[in-house]
Amino acid sequence: MQLTGNLLIGQQSAFGSNGSIKAVNASTGAAMEPAFGGATLADLDRACALAWTAFDVYRETSPEARAKFLETIAQNILDIGDDLIERCMMESGLPRPRLEGERGRTVGQLRMFAEVVRNGDFMDVRIDPAQPERKPLPRVDLRLRQIGLGPVAVFGASNFPLAFSVAGGDTASALAAGCPVIVKAHSAHPGTAELVGRAVQKAVKDCGLPEGTFSLLFDSGRDIGQGLVADNRIKAAGFTGSRGGGTALMKIAAARKEPIPVYAEMSSINPVLLFPNALKNRGEAIGKAFVQSLVLGAGQFCTNPGLVLAIDGPDLDKFIASASAALKETAAQTMLTPGIYKTYESSVSKAGDHADVTCAARGLAAKGDNQGQSALFVTTADAFRKSHDLQEEIFGASSLIVRCPSLDAMLELVESLEGQLTSALHIDEADYADAKRVLPALERRTGRLLVNGFGTGVEVGHAMVHGGPFPSTADGRSTSVGSMAIYRFLRPVSYQDLPDALLPDSLKTDNPLGLNRRIDGKLQLAS
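For clarity, every value in this text was computed on a predicted model and none was experimentally measured.

(A) Layout of the environment of Ala-54. Looking at the secondary structure, you find Ala-54 in helix H1 (residues 41-58). Each C-alpha atom, one on Ala-54 and one on Thr-213, is 5.9 Å from the other, the two residues being 159 residues apart in sequence. Leaving out residues up to four positions away in the same chain, Ala-54 has contacts with Pro-180, Pro-210, Gly-212 and Thr-213.

(B) Examining the pattern of salt bridges more closely. Applying the stated criterion across every chain, the model contains 34 salt bridges. For Arg-59, the salt bridge is made with Glu-60, and the minimal N-O distance between the two is 3.2 Å. Looking at Arg-59, the relative accessible area reads 21%, which means it is partly exposed. Glu-60 sits in the partly exposed class, given a relative accessible area of 38%. Here Arg-96 makes a salt bridge to Glu-100, at a shortest N to O gap of 3.4 Å. Residue Arg-96 and its partner Glu-100 are both found in helix H4 (residues 96-119); the two are separated by four residues, about one turn of the helix. You can call Glu-100 partly exposed: its relative accessible area is 33%. Connected through shared salt-bridge partners, Asp-56, Arg-59, Glu-60 and Arg-145 make up one network.

(C) Looking closely at the packing of helix H7 (residues 223-230) against helix H8 (residues 243-255). Taken N-terminus to C-terminus, the directions of H7 and H8 make an angle of 40°; their axes are 8 Å apart at the nearest point. Classified by the angle their axes make, H7 and H8 are oblique. Like other packed secondary-structure pairs, H7 and H8 cross with a definite hand, here right-handed. Residues Gly-225, Gln-226, Val-229 and Ala-230 of H7 touch H8, and the partners they reach there are Leu-249, Ile-252 and Ala-253.

(D) Just the UniProt feature "domain: Aldehyde dehydrogenase" (unreviewed entry) in the protein, in detail. This chain's UniProt record puts "domain: Aldehyde dehydrogenase" (unreviewed entry) on residues 21-468. Helix makes up 44% of residues 21-468 and strand 17%, and the two end C-alpha atoms of the span are 34 Å apart.

(E) Layout of the pairing of strand S11 (residues 262-265). Burial of S11 is two-sided: the residues Val-262 and Ala-264 facing one way and the residues Tyr-263 and Glu-265 facing the other way are all buried. Pairing of strand S10 (residues 236-240) with S11, which is carried by four bridges, proceeds in the parallel orientation. Paired with Gly-238 across the strands is Tyr-263, a residue of S11. Crossover handedness for the path S10 to H8 to S11: right-handed.

(F) How the structure looks around the domain arrangement of the protein. We note that the domain assignment places domain 1 (1-21 + 30-49), domain 2 (271-451) and domain 3 (498-524) within the protein. Taking the mean C-alpha position of each, domain 2 and domain 3 sit 52 Å from one another.

(G) Inspection of the pairing of strand S8 (residues 181-184) at higher detail. Going residue by residue along S8, you find Val-181 and Val-183 tucked away on one face and Ile-182 and Lys-184 tucked away on the opposite face as well. Two strands pair when backbone bridges link them, and strand S7 (residues 152-155) and S8 are joined in this way by four bridges, in the parallel orientation. Considered in S8, the bridge of Ala-153 is made with Ile-182. In the classification by handedness, the crossover that spans S7, the intervening helix H5 (residues 169-177) and the parallel S8 is right-handed. As paired elements, S8 and strand S9 (residues 214-217) share four bridges and run parallel to each other. Counted as the bridge partner of Lys-184 is Leu-217 from S9. Running through helix H6 (residues 190-206), the crossover from S8 to the neighbouring parallel element S9 is right-handed.

(H) Structural detail: the sheet that holds S10. With respect to topology, seven strands assemble into an open sheet ordered S2-S1-S9-S8-S7-S10-S11, the strand pairing being mixed. With one partner strand each, in any of the chains shown, strand S2 (12-14) and S11 form the two edges of the open sheet. Neighbouring strand axes in the sheet, compared pairwise and without regard to direction, differ in orientation by 20° on average. Set on the sheet, H5 makes contact with S7, S8 and S10; between it and S8 the angle comes to about 170°.

(I) Up close: the packing of aromatic side chains. Here the structure, examined in full by the defined rule, presents nine aromatic pairs. Judged by centre distance (6.1 Å) and plane angle (85°), the rings of Tyr-58 and Phe-69 are edge-to-face. Of this pair, Tyr-58 sits in helix H1 while Phe-69 sits in helix H2 (residues 63-80), placing them eleven residues apart in sequence. Among the residues examined, Phe-69 registers a relative accessible area of 0% and is labelled buried. Chaining the aromatic ring pairs together yields one cluster made of Phe-160, Phe-164 and Phe-301. It is Arg-66 that lies over the ring of Tyr-58; its NZ or CZ is 5.7 Å from the centre. Looking at Arg-488, its charged tip hangs above the ring of Tyr-263, at a distance of 5.8 Å from the centre.

Procedures and definitions
- Residues numbered from 1 in each chain as written.
- Predicted model: local features only at pLDDT ≥ 70, side-chain atom pairs only at ≥ 80, totals over all residues.
- Heavy atoms only, no water.
- Helix = DSSP H or I, 4+ residues; strand = E, 2+ residues; numbered from the N terminus.
- Contact = heavy atoms within 4.5 Å.
- Salt bridge = Lys/Arg side-chain N within 4 Å of Asp/Glu carboxyl O.
- Buried < 20%, exposed > 50% of the residue type's maximum accessible area, 1.4 Å probe, protein only.
- Axes fitted to C-alpha atoms, helices over the stretch in contact; angles between N-to-C directions.
- Parallel < 35°, antiparallel > 145°, perpendicular 65-115°, else oblique.
- Left-handed = near helix turned anticlockwise from the far one by under 90°.
- UniProt positions renumbered as here; feature names shortened; annotations may be inferred.
- Pairing = 2+ DSSP bridges.
- Right-handed = clockwise from strand over helix to strand, strands pointing away.
- Domains from an automatic or database assignment.
- Phe/Tyr/Trp six-rings, centres within 6.5 Å; stacked < 30°, edge-to-face > 60°.
- Lys NZ or Arg CZ within 6 Å of the ring centre and 35° of its normal.

Given below as structure tokens:
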């Protein structure tokens, strides 16, 4: 498929006239063809107008029609074939196996949400039938369902050019909820964005849906991204990126005449807690596994293990020695963009210059442009407590080990941490009592707790939470991965004493959609 650099506004395709951007080959730093035209404010207005017009029609599509749409997107992405992988490799610097896996995850998310829509339970249908004879007052007829919030703005992520971008989890869950989507493509991989965007655009047409169900915009600056969140026809936003970028969008959303939710995934250092018996019995093995997680994808995962807390002593020394030996053998890897690489190098240099930090090991030196050299640092609990700089995320293959004088000191540090996406406990059975002491503090500040593993690797399923208290996400009550992600883009509506003819199909007495429903609070399964 030949790239055009065009905006996709509804079913239209046109080159934007507000400047242009080009992708950069992550491995060489060279600009890539073609240029992608930046959207104007008029283009933004057109996309928002189409989305708003589409909303009331699209949100009432049947579960089967919406599920078929999601499945069609998935198949269209697969039909792009190797062109998608090859372009994405050049734009992101990510290896083929990683991107083929990410494509599978993207398609899997769409198909999972198709199943969620067909099942219908996301509508949470509740019916409290009228009781006209009730004393002392009769009861009215009340019926409830969940409906889509409205058009959603989705911002493509740099580190997941497929699974968290044009047709990624935010888009899939918003479309499943009945919300039209306008995507602001990430400037690092515009070619990948166009290829996937055309797959979605074609699915809209083939499924006979309103053309405003989907649009894709490129931005040569920041006006379009900011304008999307500010537009009164946009009712929610999904964002994955830096803390600064996420909080900037949150401020715009909060300042609107009608504030809207911004579901921003931003910053997390994902603490790893090593307990005494596990450290004594398996410290060297844990050290090697830790490094494998740390350097995965050049450390450019939001769940990267950026902090290790453990009680100081000979067993921790063995862990550090094992991890250091493994790290020294890791090759430098191409990072997503030159900008991300420069920020990583600056952050690592700053950490190494800290008076209370020692460098335990560095990976192999870079052999090419924009290749990040992995790093492992060590500090004390006292230094970590006093220096907020040491608690900030370094986006890349870098981690900090903190020597704690006692379990109480470890617990104190946990209490000082900001909100996290993941926390990992490495324990043996003899550590259970100590782990139980720490669990409540971790639960209060973490979206996903795991034992004897690492947070890298996010399963797309029904019980997954990929979220956490601020600043890991803007709203710790939500998840951006898993079937529960749909609830970010829904709200409940109650209908009182409406005639059956005026009720939506999901609430009609004869249940034409065959939904599971709660009648007087009791679950009734569809026959």
